[in-house]
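What the coordinates show
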Amino acid sequence: MRLKPFRLERYFAKHEFTAPFLLCSSDCESMPLKDLLALEPGAADRFGALWLGYTESAGHPELRRAIAALYERISADQVLVHTGAEEAIFNFMNVALNPGDHVIVHAPYYQSLGEVARSIGAHVAEWRGDAQRGWELDIDLLQAALTPRTKLVVVNFPHNPTGFLPEHELVRQLVSLSERHGFIIFSDEVYRGLELDPSDRLPALSDLSHRAVSLGVMSKTYGLAGLRIGWLATRNRHLFSELAAFKDYTTICNSAPSEFLATLALRKAGVIVERNLRIIHRNLDHLDAFFACHQDLFDWRRPRAGSVAFPALLQGTVERFCADLVKTSGVLLLPGTLYGKGLNAFRVGFGRNNVPEALERLKEHLRTSR
Ligand SMILES: Cc1ncc(COP(=O)(O)O)c(C=O)c1O
């Protein structure tokens, strides 16, 4: 297996800890350890007394129960905890796919969702959203792309980088196609819970179908990326036991402190997500105002969910634009070309507290450079 460099992660490795204004982060604002512990009386003492031996390979039972509570039909024993979403993607692809399998990925995509499949020897085709229609997906295009060898369809709702969230009907059509055709659905739901209008929240795919696997993580909606706690949820027993066995070769089990803290955070999910949504609403108002003043330069569409969006740049090339911006103003945007050739757009992230300040810097940059 040979993996190509992960373009987006290499870009972050270069800039994330040097650029002072990150305006493209996909996670919500994090918090110090002491603030998380303060959410529950006695938590700090219990954390201090935590045993640091190996933990249960599938995840701490209490954590698995807290994760299962996020779903309608998933029980704790149908949840497999991983080290971040990234390990879960890697392990899932390795378990589900063989060389020569056909995989269709919702595009543009977070690179590992297609790259790991490709490195295994699968043929990866795209189900591409239509940029002219707010990155809308067309179920007929998916149907036309299916082959007798299609083993897996990968989707990501709410979507990174575009912020696209489909209507409920598309998800129902996807599940019914999967049942008729027999493919597995890998549903990356790491931004689920960040719908601006809660009634837009889609059901988890693992709740809708035995053929689906849902991916979740503490990093985005909960803003706790440093815990590196992610999970897979599925009612497919065979796949589940193969996934559990594969994990013995990657991390065996999870970090005990992280499991404790993730369990606590999920018990307090209401408070944490409410805070994060408040930050997002405020930041989106700032972004609306900013883009309204720069309509000649950017094509902005306010997303319905998530913490990222993908405005198009209408003049010049996005790589040059982002490189100049970070060099002269210390504001980091993510050029769309990291997601694929020809995408003259950039990812903007709006889950962090300092977005208004970063936008002021961007405004100043435009004033002086135009
Ligand atoms: C769509 C998507 N899936 C998976 C991941 C990986 O999440 P983590 O870094 O928490 O493992 C990310 C991170 O940016 C993402 O945007």
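Here the structure is a predicted model, which is why all the values come from computation and not from measurement.

**A closer look at the pairing of strand β7 (residues 212–217)**
The buried fraction of β7 amounts to six of the six residues, a majority that puts the element mostly inside the structure. A two-sided burial pattern is seen for β7, the buried positions comprising Ala-212, Ser-214 and Gly-216 on one face and Val-213, Leu-215 and Val-217 on the other. Bridge count for strand β6 (residues 184–188) against β7 is four bridges, and the pairing is parallel. If you follow Ile-185 over to β7, its bridge partner there is Ala-212.

**Regarding the sheet that holds strand β10 (residues 308–309)**
Across the sheet, three strands lie side by side as β10-β14-β13; this open sheet has antiparallel pairing. Only two strands of the sheet have a single partner each, and these edge strands are β10 and β13 (334–335). In this sheet, strand β14 (residues 346–349) lies alongside β10 in antiparallel orientation, the contact comprising two bridges. Looking at the pairing, Val-308 lines up with Gly-349 of β14.

**Looking at the site of the ligand**
Contacts to the ligand come from 15 residues, most closely from Asn-160, Asp-188, Tyr-191, Ser-219 and Lys-220. Note that a nitrogen atom of the ligand is positioned 2.6 Å from one of the side-chain N or O atoms of Asp-188. Within the contact set of the ligand, an oxygen atom lies 2.5 Å away from a side-chain nitrogen or oxygen of Ser-219. Within the complex, 94% of the 390 Å² of free accessible area of the ligand lies under protein. Residue contributions to the shell around the ligand peak at four residues, all from helix α5 (residues 84–96). Among the residues making up the shell around the ligand, the classes are represented as six nonpolar, five polar and four charged.

**As for helix α8 (residues 168–181)**
Here α8 is 14 residues long and its end C-alpha atoms lie 20 Å apart, about the 20 Å a rise of 1.5 Å per residue gives. The set of residues buried in α8 consists of Leu-170, Val-171, Leu-174, Val-175, Leu-177 and Ser-178. Buried residues of α8, viewed axially, fall in a sector of 160 degrees; they line one side. For α8, the secondary structure elements touched by its buried residues are β4 (123–128), α7 (139–145), β5 (150–156), β6 and α9 (205–208). Looking one or two residues beyond α8, the residue adopting positive phi is Gly-182, at roughly 90 degrees.

**Concerning unusual backbone geometry**
Cis rather than trans, the peptide bond between Ala-107 and Pro-108 has omega equal to -5 degrees. Tracing the backbone through its elements, the reader meets Pro-108 in the loop between β3 (102–107) and α6 (112–120). Of note, the amide linkage connecting Phe-157 to Pro-158 takes the cis form, showing an omega dihedral of -15 degrees. For Pro-158, the location among the structural elements is in the loop between β5 and α8. With a phi close to 65 degrees, Trp-135 is a non-glycine residue in the positive phi region. Along the chain, Trp-135 turns up in the loop between β4 and α7. Here the phi dihedral of Arg-228 falls at roughly 50 degrees; this positive angle occurs in a residue that is not glycine.

**Some thoughts on the packing of aromatic side chains**
Applying the stated criterion across every chain yields a total of 13 aromatic pairs. Judged by centre distance (4.6 Å) and plane angle (15 degrees), the rings of Phe-291 and Trp-300 are stacked. Take Phe-291 and Trp-300: they sit in the same class, and that class is buried. Among the aromatic residues, ring-to-ring pairing joins Phe-290, Phe-291, Phe-298, Trp-300, Phe-321 and Phe-346 into one connected group.

**Examining the environment of Pro-356**
Tracing the backbone shows Pro-356 in helix α14 (residues 355–369). Remark: the alpha-carbon pair of Pro-356 and Ser-75, spanning 281 residues in sequence, is separated by 41 Å. Ignoring any residue separated from it by four or fewer positions in sequence, one finds Pro-356 in contact with Arg-282, Asn-283 and His-286.

**Here's the deal with the pairing of β5**
Among the seven residues of β5, six are classified as buried, and the element is accordingly described as predominantly covered. Sheet topology places β3 next to β5; four bridges connect them, and they run parallel. Pairing of His-102 across the sheet is with Thr-150, part of β5.

**Here's the deal with the domain arrangement of the chain**
Partitioning the chain into domains gives domain 1 (7–32 + 270–369) and domain 2 (53–268). Summarising the inter-unit geometry, the C-alpha centres of domain 1 and domain 2 are found 25 Å apart. Carbon and sulfur atoms make up 55% of the surface buried where domain 1 meets domain 2, a total of about 2,600 Å² over both sides. The salt bridge involving Arg-304 is made with Glu-167; its shortest N-O contact spans 3.8 Å.

Reading guide: rules and limits
- Residues numbered from 1 in each chain as written.
- Predicted model: local features only at pLDDT ≥ 70, side-chain atom pairs only at ≥ 80, totals over all residues.
- Heavy atoms only, no water.
- Buried < 20%, exposed > 50% of the residue type's maximum accessible area, 1.4 Å probe, protein only.
- Helix = DSSP H or I, 4+ residues; strand = E, 2+ residues; numbered from the N terminus.
- Pairing = 2+ DSSP bridges.
- Near = heavy atom within 4 Å.
- Polar contact = N/O pair within 3.5 Å; in protein donor to acceptor, adjacent residues only side chain to side chain.
- Areas by Shrake-Rupley, 256 points an atom, 1.4 Å probe, with all protein chains shown as cover.
- Nonpolar A, V, L, I, M, F, W, Y, C, P; charged D, E, K, R; others polar.
- Expected span 1.5 Å × (residues − 1).
- Arc of directions from axis to C-beta.
- Contact = heavy atoms within 4.5 Å.
- Phe/Tyr/Trp six-rings, centres within 6.5 Å; stacked < 30°, edge-to-face > 60°.
- Domains from an automatic or database assignment.
- Buried area = accessible area lost by both parts, 1.4 Å probe.
- Salt bridge = Lys/Arg side-chain N within 4 Å of Asp/Glu carboxyl O.

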